[in-house]
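Inside the fold
If you want the building blocks of each chain, they are given just below.
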Amino acid sequence: MTTETSTTDSRHRAWSLMAAPVASSGKTQITAVATAVVTDADAAGDEIHASLRSRIQGLRCRNCHRPEAIGPSFVCPACFGPLEVVHDREAIRAQVSRAKIEARAPGIWRYLELLPVDETPARSLAVGSTPLLRADRLAHELGIAPGRLHLKDDTRNPTLSFKDRVVAVAAARAVAFGFDTLACASTGNLAGATAAAAAALGLRAVVFVPADLEPAKIDHALSYGATVVPVRGTYDDINRLSLEIADEEGWAFVNVNLRPFYSEGSKTLAFEVAEQLGWRLPDVLVAPIASGSLFTKVAQGFEDLVAVGLVADKPVRFIGSQAAGCSPVAQAFAEGGDEIRPVRAPDTIVRSLAIGSPADGRYALALARRTGGSVEAVPDEVTASAIRQLGRTEGVFAETAGGVTVAGLEQAVQRGLIGPDDEVVALITGNGVKTPDAKWFGVETGADARGGEATGSGGLASTIEPSYAAFTRAGLAA
Ligand SMILES: Cc1ncc(COP(=O)(O)O)c(C=O)c1O
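Reading the values: the criteria
Residues numbered from 1 in each chain as written. Predicted model: local features only at pLDDT ≥ 70, side-chain atom pairs only at ≥ 80, totals over all residues. Helix = DSSP H or I, 4+ residues; strand = E, 2+ residues; numbered from the N terminus. Buried ≥ 20, exposed ≤ 12 C-beta atoms within 10 Å, placed from the backbone. Contact = placed C-beta atoms within 7 Å. Pairing = 2+ DSSP bridges. Axes fitted to C-alpha atoms, helices over the stretch in contact; angles between N-to-C directions. Parallel < 35°, antiparallel > 145°, perpendicular 65-115°, else oblique. Nonpolar A, V, L, I, M, F, W, Y, C, P; charged D, E, K, R; others polar. Expected span 1.5 Å × (residues − 1). Near = placed C-beta within 6 Å. Core = buried A, V, L, I, M, F, W, Y, C linked by C-beta atoms within 7 Å. Domains from an automatic or database assignment.

Our focus in this paragraph is the overall build of the chain. Tallying secondary structure elements over the chain gives 18 helices and 13 strands in all. Per-residue burial for the chain yields a buried fraction of 49% across its 478 residues. In the chain, the proportion of contacts linking residues at least 24 apart, taken out of those at least 6 apart, comes to 68%.

Time to look at the pairing of strand E1 (residues 56–61). Regular strands have side chains that alternate between both faces of the sheet. Note that E1 and strand E3 (residues 83–87) share five bridges and pair antiparallel. Its bridge partner lying in E3, glycine 58 is registered against valine 86. Alignment of E1 against strand E2 (residues 67–68), held across two bridges, turns out to be antiparallel. Bridging across to E2, arginine 60 finds its partner in proline 67. The turn linking E1 back onto E2 is made up of five residues, and histidine 65 within it adopts a positive phi angle of 65°.

Here we take up the packing of helix H15 (residues 380–394) against helix H16 (residues 400–414). Two elements in contact, H15 and H16, have axes whose closest approach is 7 Å; the angle formed by their N-to-C orientations is 95°. Put simply, H15 runs roughly perpendicular to H16. In this structure, H15 uses Val382, Thr383, Ala384, Ala386, Ile387, Gln389 and Leu390 to contact H16, whose residues at the interface are Thr400, Gly402, Gly403, Val404, Val406, Ala407 and Glu410. For the contact of H15 with H16, the class distribution of residues is eight nonpolar, five polar and one charged.

Attention now moves to helix H7 (residues 189–201). For H7, with 13 residues, the first-to-last C-alpha span of 19 Å sits near the 18 Å given by 1.5 Å per residue. Taken across its 13 residues, H7 has 10 buried, putting it largely inside the fold. In this structure, the buried side of H7 is in contact with helix H6 (163–177), strand E6 (181–185), strand E7 (204–210), helix H8 (215–222) and strand E8 (227–231). Positive phi appears at glycine 202, one or two residues downstream of H7, with a value of about 75°.

What follows concerns the site of the ligand. In the vicinity of the ligand there are 19 residues, among which Ala290, Ser291, Ser293, Thr429 and Gly430 approach most closely. Elements with a contribution of two residues or more to the shell around the ligand: H7 and helix H12 (293–307). Looking at the shell around the ligand element by element, the count peaks at three residues for H12. A breakdown of the residues in the shell around the ligand according to their chemical character gives eight nonpolar, nine polar and two charged.

What follows concerns the nonpolar core. The biggest cluster of nonpolar side chains holds 135 residues, and the ones touching the most others in it are Ala170, Ala171, Leu182, Val207, Val254 and Leu353. Among the elements that line this core, the one with the most residues is H6, at nine residues. Both domain 2 (132–160 + 266–440) and domain 3 (163–262) contribute no fewer than three residues apiece to this core. Ignoring anything within four residues of it in the chain, the contact list for alanine 171 reads Leu182, Ala197, Leu201 and Val254.

What follows is about helix H14 (residues 361–370). Turning to H14, its buried residues are Gly361, Tyr363, Ala364, Leu365, Leu367 and Ala368. Of the surrounding secondary structure, the elements contacted by the buried residues of H14 are H12, strand E11 (317–323), helix H13 (328–335) and strand E12 (374–378). Of the residues one or two after H14, glycine 372 is the one with positive phi, at around 75°.

The quantities given are spatial measurements derived from coordinates; they are silent on function.
Rendered as C-alpha cells:
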C-alpha cells in the first residue's frame with residue numbers, strides 16, 4: 001500500500017537525524033534533548049490544531065492535481081480529468097480512533113471522519129455494517145485453507161446491493177447542496193438505491209435504465225415511488241444523456257455531477273472489512289468491476305486507514321472480475337497494454353456490470369498491476385454456476401456480479417495467483433432475488449436438468465401428490 005508520511009513520523013526522523021551524529025558529546029546530547037522537548041510541545045500544539053481543522057480540504061483533479069472548491073462538480077475544467085475529494089489526513093488522525101468508531105452505532109456513518117460529509121445526516125437508510133462471513137465450505141471447494149476466505153455479504157443492504165453505500169454519501173451531499181431531485185444513470189442496482197434514498201429523504205427520484213433491463217430491477221425502483229425512465233440504448237448511451245440532463249435540469253445525478261462523493265461511499269466497504277478482521281488488512285481483495293469505482297475506492301479506503309493510523313500497512317493484491325461479454329479492463333490486463341478499448345455492444349447476462357466504457361477503467365487496471373493482482377474475464381455459464389455454488393455452499397444468494405466475483409476468485413486460485421493460505425476477502429455486492437433467472441443460464445430448462453446439479457443434491461423435484469407413498473415413489477426418501 002502507498003501511504004503518506006505523517007508529520008509525526010517525519011518529525012521523529014528529523015529528531016533522530018539531528019541527534020545521531022553527535023551522540024558521544026555531552027554538549028550535543030543536551031541540544032538533542034532540548035530539540036526533542038520543543039518538538040513534543042510543537043506536536044501537542046499541532047495535534048490540537050489538527051483536531052479543530054476541517055477534515056475535508058476540497059476537490060482535486062486526479063490527473064493534473066488542480067484544486068477545485070467543494071461543490072456538485074466532477075470534471076476538471078483544465079484537463080477534463082475526474083475530480084476527487086481531498087481529505088486532510090493529519091486532521092482525521094487527530095479526530096478519529098478505533099475506540100471512537102467501535103463505540104458508535106452500526107452503519108456507514110460510524111466512519112464519519114473518513115467520509116466527505118460534515119456531520120452524520122439527520123435522515124438516511126440503515127446502510128452498511130453487513131456481515132463478513134467465514135466461508136469454509138466454499139473455500140474447501142476452491143482449494144483455500146479453512147478460515148482464510150471471507151465473504152463481505154453486501155446483499156443485505158436496504159435495497160440489496162452495495163449501491164446503498166455510494167448513494168447514501170452522494171444523497172447527503174445533494175441535501176447539503178440544496179438539490180430537490182436525485183437522479184442516476186443505472187445498470188440496475190443503482191436505480192433501486194437512488195429511488196429508496198430519495199424516498200427516505202423526501203426528494204424526487206428520476207432514474208434512467210436500459211429499456212431491456214431485468215424486470216425485477218425496474219420494478220424494484222418503481223416500488224420506492226421513483227420515476228423510472230427506460231432508455232433504448234446501452235448504459236454508456238444513458239450516461240451521456242445524463243450528463244446533458246444534469247446540466248440542463250440542475251438535478252443531482254449521484255454518479256455524474258456528484259460522482260466525487262458517490263465514489264467515496266465504496267470506501268466504507270474497506271473500513272468495515274478492516275474493522276471486522278480486527279483492524280487488519282487481508283492479503284487479497286476480490287471485487288467486481290463495472291466502471292471501476294468500487295474496485296479503486298476500496299484500495300483508497302485501505303490507504304486512508306493506514307495513513308490515519310487505524311491499521312498497519314501491508315501489501316494487498318487486488319483481483320478484479322468482469323463478465324467476458326463486457327470485459328474492457330480484463331482484456332487490457334490480458335494484453336498487457338494500457339489502452340482500455342470500449343465495448344460498444346455488451347453481450348452478457350451480467351447486466352449490473354455491463355459498462356463498455358468504464359470511467360475508472362485505467363485506474364482499476366493500474367491497481368491490479370501495481371499490487372500483483374489481476375483482472376479476470378468470466379463466461380456467463382461460469383457465472384451462473386458460481387451463483388449456484390455460492391448459494392449451495394454458503395447460503396448466500398448473489399446476483400450476477402456476485403457470481404462473477406466468485407468465478408473470478410476461482411480462476412485466480414487456479415492460475416496460482418492466490419495461494420491456499422492467503423487471507424482472501426471477496427465482495428458479494430448484490431442480491432440474487434434481483435436476477436432470479438440468471439443462475440440457470442447454460443442449464444437445460446426443465447425440472448430434471450435443474451435437479452441434476454453436479455453434487456447430486458438439491459434441485460427442483462417433480463410435483464407429487466400429498467401422500468407419503470408419492471414421496472417415496474419420487475425417490476425422495478433418504
Ligand atoms: C452489484 C454490483 N456490483 C458491482 C458493481 C460495480 O460497480 P462499479 O461501477 O463501481 O465498478 C455494480 C455496478 O453497477 C453492481 O451493480
